Structure formats: structure tokens, C-alpha cells
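Commentary on secondary and tertiary structure
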Amino acid sequence: MIELQHLSKRYGGGRATAPVVALDDLCLTVPEGCLFGLLGPNGAGKTTTLRILCTLLAPDAGSVRVGGIDGLTDPRAVRNLLGYVAQEVAIDKILTGRELLTLQGDLYHLPRPRRDARIEELIALLGMDAWVDRRCGSYSGGMRRRLDLAAGLLHSPRLLVLDEPTVGLDIESRSAIWQVLRRLRDAGTTVLLSSHYLEEVEALADRLAIIDNGRVIAEGTPTELKAALGGDRVTLRVREFSDQEEALRVQALLQGCTGVRQVVVNQAQGFSLNLVIEHEGVVEALRRQLAEADLPVFALAQSRPSLDDVYLQATGRTLMDAELAVAGSRDAKAERKQSMR
Ligand SMILES: Nc1ncnc2c1ncn2[C@@H]1O[C@H](COP(=O)(O)OP(=O)(O)O)[C@@H](O)[C@H]1O
Ligand SMILES: [Mg+2]
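Described in the following lines is the structure provided in the data block.

Helix and strand counts for the protein stand at 12 helices and 14 strands. With the C-alpha coordinates of the protein rotated into their principal frame, the extents come out at 80 × 55 × 40 Å. For the protein, the residues scored as buried account for 33% of the 341 residues in total. For the protein, contacts bridging at least 24 residues in sequence account for 68% of all contacts bridging at least 6.

Here is the structure:
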């Protein structure tokens, strides 16, 4: 459905300022009919990618194909095919939601009966019945987002593109939007959304790409990406506080067990051991072998690798750290500006 090849984009770069590299040879393929997540911290290049895809912004280099159509030479045809829900939208305050949708339907040249039927359909789909005839000025963030979504869906696009659709929303609006996106996907619409929320991508996406510094650094299904990291993480200890000698004995024993990878002694936590196991059954075998060696397990915690582990593996930092780094450099910039005044 979407094929972005070797996109690059810089902003600015006047005489006084260095250009900002927003996209750096970004490649992305989204198969038809899937719900695809573009995950990355603030400043990673998500909005730039989506705006180029939707023909609202021209790349410096690279190619854009949507549904087999070249977005650079035939932007109108691409726009007909997709609906775009932007990150920040300015909605008129005086009109009601229904009036706004009607206006939008006319801009798409929908014949009147089809327009009105489609609006009714979307009001039902997005649960807007109670307030769609109120003025938009009185809407909450969640209501506004649902109206945006309805506007993006009016012309029944084959592809829906959403830029951070649930930022700042309450839990109820968020799950309502998630449910709508899943239904659209189930009905055959391709959905591409960007997010910096791990749990959003984890909950929704059939496939995802992790984007960082304008490049795709990992791509696949959540299961594939996690599986590539190896199996579950296990932390265990044979008594509340072991000494180093005992920990090393346990380590040697565990390293000999089949299905165990990477056994690390964790000195800071009373000599517990961290290991990666290849599959579920390994845990029982471990318990047995340790008991036979008179080192019965005192405590054991097991966890699946998360998308955060995937991100950490790909970039060497957690998503949270990446967000803090962006926030930090923004603060520093603001301070510099302040001190120049
Ligand atoms: N209009 C612009 N002018 C200058 N720099 C920009 C502009 N838009 C985005 N950038 C910069 O490009 C990079 C990518 O931004 P963006 O695509 O908005 O990322 P994201 O949506 O992932 O937060 C950031 O460093 C951002 O500061
Ligand atoms: Mg953005």
C-alpha cells in the first residue's frame, strides 16, 4: 500500500543556522490491510514522514508510492486514496460537528445523499451522537479527535494516516479511538499511525517500524522484533543473600543447561542472576537441576522482552531516555535564546 524509498529531508540551513536533518535515507513499506505503527521519540521524523506521504511536503530526495501511484508526480490521485488526521488541527469553533463534516463532504464533492448517509454512519461508528450538533468550541480534546477522525474518513479512503492520534487524551477516548481503528482494519482499510507511546503500538499494531533520527532502525511484527532479541528474561536467586562464591557456582551450573543463554551475576542485588532462556520449558529444567545440586530456587521472576527492550537494543537507550534527551536540548535552546536577549 505504501512504499517510501530513500527519503531525505532537511529543514532550514540559512546563512546563520545549520540545517536540521529530519529524514536521513528513510525507507518504509506498509502492506495493504494492516494496522501499522510508526514508533519513535519526539523529533524522530514521524510527522515529516507522514506529511511527505500525504503529499503535503516535498522530500529533498527519494520516492513515494501509495497504492501503486507516484505521490510526487500525481499527488491528487494519492490524496483521493487516503485520509490524513494531523497531529494538531485547528477546528472552527462556531460550526457544529455535523456542519463541519457536511462542509468537508462538499469539498470532497460527495453527492448529497451519499454525503449525509456517510455522516450518519460515522456519527454511529465514533459515538458522536450526543454532541455532534453542538458547536465545536465546546468540545473536549477527545471529542475533537473523534471529529478529526470522522473528517478523515468521510470519503471512505483505502488508507488512513494518523499522526499521534491519542496524545493527551483521557483513557476512555483513547480506547474508543483504538476500537475504531481496529474495526477499520478488520473491514479492510490500511491504517498507519505514528506514536511515541510504546503501549499504544504494542496494543494496536500488526507491524511496526521504529524510527530514530530520521531513519528506520527496526521493522517487523511485534512478535518478530521481540523474538529477535531472544527468549524471556529471568532473574533468580537461590537464597535471599548469596555470597559471590555461591553465585559463581550457580552461574557455572546454569551456563551448562540447554536452552540458557547469557548468565550474568548481578552483584548489586545480593548476587542474583540474570539470564535469557530460549523457551518456557527451560524454567522447570533449571529448577530441577538446581534442586539436585542442593541449590533450590528461592525467588524467580520471568518477563517477556518488551518493545522497550527492542528499542534499547536498536539504539542503546530506552524510549524514555530519548524523550528526555529531546526535552533537555529544547530546554538548553530556550535558555540560550533567553540569555541572548
Ligand atoms: N518546520 C520545521 N522547521 C525546522 N525544523 C523542523 C521543522 N519541522 C520539524 N523540524 C525538525 O525536524 C525533526 C523531525 O521533526 P518531526 O518530523 O516533527 O518529528 P516527530 O513528529 O517524530 O516528533 C526535528 O528535529 C524537528 O525539530
Ligand atoms: Mg510529530
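This next bit is on the site of ligand 1. Neighbouring ligand 1 are the residues Tyr11, Gly12, Val20, Ala22, Gly40, Asn42, Gly43, Ala44, Gly45, Lys46, Thr47 and Thr48. Contributing elements (two or more residues each) for the shell around ligand 1: β2 (20–30) and α1 (46–53). The element contributing the most residues to the shell around ligand 1 is α1, with 3 residues. Its residues assigned to classes, the shell around ligand 1 comprises 4 nonpolar, 7 polar and 1 charged.

This next bit is on helix α6 (residues 171–186). For α6, spanning 16 residues, the distance from its first C-alpha to its last is 22 Å, which sits close to the expected 22 Å at 1.5 Å a residue. At its buried positions, α6 is contacted by β3 (35–39), α4 (112–125), α5 (141–153), β8 (190–195) and α7 (198–204). Remark: glycine 188 follows α6 within two positions and exhibits a positive phi of approximately 105 degrees.

This part takes up the packing of α5 against α6. At a closest axis distance of 10 Å, the pairing of α5 and α6 adopts a crossing angle of 15 degrees. Taken together, the axes of α5 and α6 are roughly parallel relative to one another. Once α5 is placed against α6, the crossing between them reads as right-handed. Side by side, α5 and α6 meet where Gly142, Arg145 and Leu149 of the first sit next to Ser173, Ile177 and Val180 of the second.

Rules used in this analysis
- Residues numbered from 1 in each chain as written.
- Chains lettered and ligands numbered in written order.
- Predicted model: local features only at pLDDT ≥ 70, side-chain atom pairs only at ≥ 80, totals over all residues.
- Helix = DSSP H or I, 4+ residues; strand = E, 2+ residues; numbered from the N terminus.
- Buried ≥ 20, exposed ≤ 12 C-beta atoms within 10 Å, placed from the backbone.
- Contact = placed C-beta atoms within 7 Å.
- Near = placed C-beta within 6 Å.
- Nonpolar A, V, L, I, M, F, W, Y, C, P; charged D, E, K, R; others polar.
- Expected span 1.5 Å × (residues − 1).
- Axes fitted to C-alpha atoms, helices over the stretch in contact; angles between N-to-C directions.
- Parallel < 35°, antiparallel > 145°, perpendicular 65-115°, else oblique.
- Left-handed = near helix turned anticlockwise from the far one by under 90°.

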